[in-house]
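# Inside the fold
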Amino acid sequence: MNFKNVGIVGLGSYVPERIVTNFDLEKMVDTSDEWIKSRTGIEERRFAAEDQATSDLAVEASKKALEKAGLTAEDIDFIILATGTPDYLIQSTACIVQEKLGAKNAAAFDLNAACSGFVYALTMGTALIKSNMYKRVLVIGTEVLSRVVDMQDRNTCVLFGDGAAAAVLAEVEPGYGIISQYLGAEGEDQETLRVPAGGTRKPITPEVLEERSNFLKMKGPEVFKFAVKALPKATISAMESGNVSVEDISMVFPHQANLRIIEAASKRIGIPVEKFYMNLNKFGNTSSASIGLALGEALDKGLVKKGDVIALTGFGAGLTYGSMIIKWAY
Ligand code: UT7
């Protein structure tokens, strides 16, 4: 069987207008711009407007991705939407996006791999096209984390932001496109990073609201330790399976969680930190949107060109991690 070459043929991103700076957060919790900047690299983030939900951000990013790909919504035959903050618990956000875009020929479902979601979803979409089952897959990473972080918890509320990124996957010319990928999960770390209540294990009750367990809880230092191992493991494994060397990589697009995590990962992988694209100072951690947001910005600046070999790499709740190596196709 001849597998197709699959690549990203259009990418778009979107962030809400409202900017929340570290100084704004100083007025809400016991924190400081100095602490946030020195421990994470984050200076500001975007929060969705009251009337914006996760699907609304996804639609904006998707429209741009379709335009860049020169396609219409009806050309898409599958939508995979990665999120940990869906519009609703039941009814996938992908179906809401399908309707809003008018992608009436597309099957649609959500995927939750937290901050690794974009890489997981790109991998699934690539497999669908490679196997000749579908032709054009719209992959979206989208989050409204501002609705699930506890604005009274300084350990988490300073880290996260809202945003969306979308990529159209399709067949590309031989020699280009997705070279390799590596996905992993370590489900044994059960309480490291999750929203404890609001699902079937612990439905919302007055007690839940009282203890605020309907908001995100995180053991930050544990995630940090996991991340500095998981990012190198995923990236190096993907490079090895694609027969790609560190010298071949022109740029890395890491999950935008923490500058110190990225610096540590760069050392372990052996790729200079200058090759790691970062915009977490402006957008914070946007979970499944962050890698696409970074890639979209670099593309707009002309920093990624046809033939460049790039790595996408992420880690997140689950715990999950994943990496993808791409020879850029346009
Ligand atoms: O997408 C995946 C999601 N999560 C992550 O990527 C997070 C990974 N972890 C991290 O990025 C870091 O662990 C954090 C940025 C969350 C925390 O940095 P840290 O250097 O590991 O700090 P820490 O948690 O060990 O806390 C150090 C101190 C503590 O005070 P004491 O106990 O030493 O007195 C915290 O209470 O900093 C305090 N602290 C803060 N102080 C001011 C924690 N959050 C804040 C804050 N402002 N916002």
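The structure presented is a predicted model; accordingly, all values stated were derived computationally and were not measured. (Residues numbered from 1 in each chain as written. Predicted model: local features only at pLDDT ≥ 70, side-chain atom pairs only at ≥ 80, totals over all residues. Heavy atoms only, no water.)

## A closer look at the packing of helix H3 (residues 54–69) against helix H4 (residues 93–101)
Put simply, H3 and H4 touch, their axes get as near as 9 Å, and they point 50° apart. The angle between H3 and H4 falls in the class oblique. Crossing angle aside, the handedness with which H3 passes H4 is right-handed. Every residue of H4 that contacts H3 at Thr54, Ser55, Asp56, Ala58, Val59, Ser62 and Lys63 is listed here: Thr93, Ile96, Val97, Lys100 and Leu101. Its residues assigned to classes, the contact of H3 with H4 shows five nonpolar, four polar and three charged. (Axes fitted to C-alpha atoms, helices over the stretch in contact; angles between N-to-C directions. Helix = DSSP H or I, 4+ residues; strand = E, 2+ residues; numbered from the N terminus. Parallel < 35°, antiparallel > 145°, perpendicular 65-115°, else oblique. Left-handed = near helix turned anticlockwise from the far one by under 90°. Contact = heavy atoms within 4.5 Å. Nonpolar A, V, L, I, M, F, W, Y, C, P; charged D, E, K, R; others polar.)

## Thoughts on unusual backbone geometry
For the bond from Gly318 to Leu319, the omega torsion is -5°, close enough to zero to count as cis. Here Leu319 shows up in the loop between strand E12 (309–316) and strand E13 (320–327). Although it is not a glycine, Ala114 adopts a positive phi angle of roughly 50°. Overall, Ala114 belongs to the buried group, its relative accessible area being 10%. The residue Asn243 is not glycine, and still its phi comes out positive at about 60°. Its location among the elements puts Asn243 in the loop between helix H8 (220–241) and strand E11 (249–254). (Buried < 20%, exposed > 50% of the residue type's maximum accessible area, 1.4 Å probe, protein only.)

## So, the domain arrangement of the protein
Assigned domains of the protein: these are domain 1 (6–176) and domain 2 (178–327). Taken over C-alpha atoms, the centre of domain 1 sits 14 Å from the centre of domain 2. Listed per partner, the contact involves 56 residues of domain 1 and 48 residues of domain 2. When domain 1 packs against domain 2, close to 3,900 Å² is buried across both sides, 63% of that on carbon and sulfur atoms. If you sort the residues of domain 1 by the area they bury against domain 2, Cys115, Val119 and Tyr176 come out on top, with a joint share of 16%. Run the count over domain 1 and domain 2 and you get three salt bridges. A salt bridge links Lys68 to Asp300, with the shortest nitrogen-to-oxygen separation between them at 3.5 Å. The interface formed by domain 1 and domain 2 includes 22 residue pairs in polar contact (both at pLDDT 80 or more). Looking at the side of domain 1 that touches domain 2, the elements that each hand over two or more residues are strand E1 (6–14), helix H2 (33–40), strand E3 (44–47), helix H5 (117–130), strand E6 (137–144), helix H6 (154–157) and strand E7 (162–171). Top contributing element to the side of domain 1 that touches domain 2 by residue count: H5, with nine residues. Looking at the side of domain 1 that touches domain 2 residue by residue, the classes come out as 25 nonpolar, 18 polar and 13 charged. (Domains from an automatic or database assignment. Buried area = accessible area lost by both parts, 1.4 Å probe. Salt bridge = Lys/Arg side-chain N within 4 Å of Asp/Glu carboxyl O. Polar contact = N/O pair within 3.5 Å; in protein donor to acceptor, adjacent residues only side chain to side chain.)

## Observations regarding the nonpolar core
In terms of nonpolar packing, the biggest core is built from 43 residues, with Met239, Ile249, Ile271, Phe315 and Ile325 touching the most fellow members. Among the secondary structure elements, those contributing two or more residues to this core are H8, E11, helix H9 (259–269), E12 and E13. The element that contributes the greatest number of residues to this core is H8, accounting for nine residues. Inspection of this core shows a minimum of three residues originating in each of domain 1 (6–176) and domain 2 (178–327). In terms of nonpolar packing, the next biggest core, distinct from the first, is built from 35 residues, Phe118, Val119, Ile291 and Leu299 among them. (Core = buried A, V, L, I, M, F, W, Y, C linked by side-chain atoms within 4.5 Å.)

## A word on the site of the ligand
In the vicinity of the ligand there are 23 residues, among which Thr31, Arg39, His255, Asn258 and Asn285 approach most closely. Between the ligand and Arg154, the relevant distance is 2.9 Å, taken from a nitrogen atom to a main-chain nitrogen or oxygen of the residue. Contacts to the ligand include Pro221, whose backbone N or O atom sits 3.5 Å from an oxygen atom. Going through the elements one at a time, H2, H6, H8 and H9 are the ones with two or more residues in the shell around the ligand. Take the shell around the ligand: its biggest share by element is four residues, from H8. Looking at the shell around the ligand, you find at least three residues from each of domain 1 (6–176) and domain 2 (178–327). (Near = heavy atom within 4 Å.)

## Brief notes about the pattern of salt bridges
Following the criterion strictly, the structure yields eleven salt bridges and no others. With a shortest N-O distance of 2.8 Å, Asp56 and Lys100 are connected by a salt bridge. Of this pair, Asp56 sits in helix H3 while Lys100 sits in helix H4, and the two are 44 residues apart along the sequence. Overall, the relative accessible area of 22% leaves Asp56 in the partly exposed class.

## Some thoughts on the sheet that holds strand E4 (residues 78–82)
Across the sheet, which stays open at both edges, the five strands sit in the order E1-E7-E6-E4-E5 with mixed pairing between neighbours. On the outer flanks of this sheet lie E1 and strand E5 (107–111), each paired with one strand and no other. Put simply, the sheet's adjacent strands are angled 20° from each other on average, direction ignored. Both E4 and E6 contribute to a ladder of five bridges, which runs parallel. Residue pairing in the sheet places Ile80 in a bridge with Val139 of E6. Running at roughly 140° to E5, H4 makes contact with E4, E5 and E6 of the sheet. Set on the sheet, H5 makes contact with E1, E4, E5, E6 and E7; between it and E7 the angle comes to about 20°. (Pairing = 2+ DSSP bridges.)

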